[in-house]
Amino acid sequence: MGEVANLTGMSVKTIRYYEEIGLLEPTTTRSESGYRLFNSQVLNRLAFIKRSQSLGLSLSEIRDILEVHDSGELPCGTVKQHLLLKVQAITEQIEALEILKSELLGLLSGWQEQPPGDRIAQTICPNIQGARSE
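The rules behind the values
- Residues numbered from 1 in each chain as written.
- Predicted model: local features only at pLDDT ≥ 70, side-chain atom pairs only at ≥ 80, totals over all residues.
- Heavy atoms only, no water.
- Salt bridge = Lys/Arg side-chain N within 4 Å of Asp/Glu carboxyl O.
- Helix = DSSP H or I, 4+ residues; strand = E, 2+ residues; numbered from the N terminus.
- Buried < 20%, exposed > 50% of the residue type's maximum accessible area, 1.4 Å probe, protein only.
- Phe/Tyr/Trp six-rings, centres within 6.5 Å; stacked < 30°, edge-to-face > 60°.
- Arc of directions from axis to C-beta.
- Core = buried A, V, L, I, M, F, W, Y, C linked by side-chain atoms within 4.5 Å.
- Contact = heavy atoms within 4.5 Å.

Looking now at the pattern of salt bridges. Per the stated rule, a full pass over the model turns up two salt bridges. One salt bridge connects R45 with D70, and the closest N-O pair in it is separated by 2.7 Å. In this pair, R45 sits in helix α3 (residues 42–54) while D70 sits in helix α4 (residues 59–70), placing the two residues 25 residues apart along the sequence. Classification of D70 as partly exposed rests on a relative accessible area of 38%. The shortest N-O distance in the salt bridge between E61 and K86 comes to 3.5 Å.

This is the structure we're talking about:
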């Protein structure tokens, strides 16, 4: 396992975890004495996992893709669908961040270093908390 870890730049712990959750199944077997035996495809599989994670795919999504591959099909269509969903999620996150940025800039534009005393008594930070309307 140490050799596979060195070749991939992944930790032994990470590789063991991937094996535990089934991501390395067709490429890993055990010897009679219990040692892990990796076939030549394990490096390709680990490289795919690493690249997929760098693109933001979760291990669950990667498992889905590998299941398609392991069934003998080219998983490029599945990969594309996952990446399209990832782009959509990123777009939504960017929109939410833009709204938050606008809100923060609005708060900062009206910032008071010394707010009125009556507002100080009713809040922790009057600049981000409005006066109570109760």
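For the rest of this paragraph, the subject is the packing of aromatic side chains. Counting across every chain of the model gives one aromatic pair. When the centroid spacing of 6.5 Å and the interplanar angle of 50° are considered together, the rings of Y17 and Y18 count as tilted. With a relative accessible area of 41%, Y17 lands in the partly exposed category.

This part is about helix α2 (residues 12–20). Turning to α2, its buried residues are I15, Y18 and E19. Burial along α2 is one-sided: seen end-on, the buried residues are contained in an arc of 100°. Along α2, the residues that are exposed and aim more than 90 degrees away from the buried face are K13 and E20. Immediately beyond the C-terminal end of α2, within one or two residues, lies G22, with a positive phi of roughly 90°.

This brings us to the nonpolar core. Among the nonpolar cores identified, the biggest contains 16 residues, and I15, Y18, L24, L46 and I49 are the most heavily contacted of them. Mapped onto this core, the elements with two or more residues apiece are α1 (2–8), α2, α3 and α4. The leading source of residues in this core is α4, at four residues. For Y18, the contacting residues outside a window of four places in its chain are M10, L23, L24, L46, I49, Q53 and L59.

Bringing the side chain of S52 into the picture now. Examined against the element boundaries, S52 turns out to sit in helix α3. The exposure class of S52 is buried, given its relative accessible area of 4%. Ignoring any residue separated from it by four or fewer positions in sequence, one finds S52 in contact with L57 and I62.

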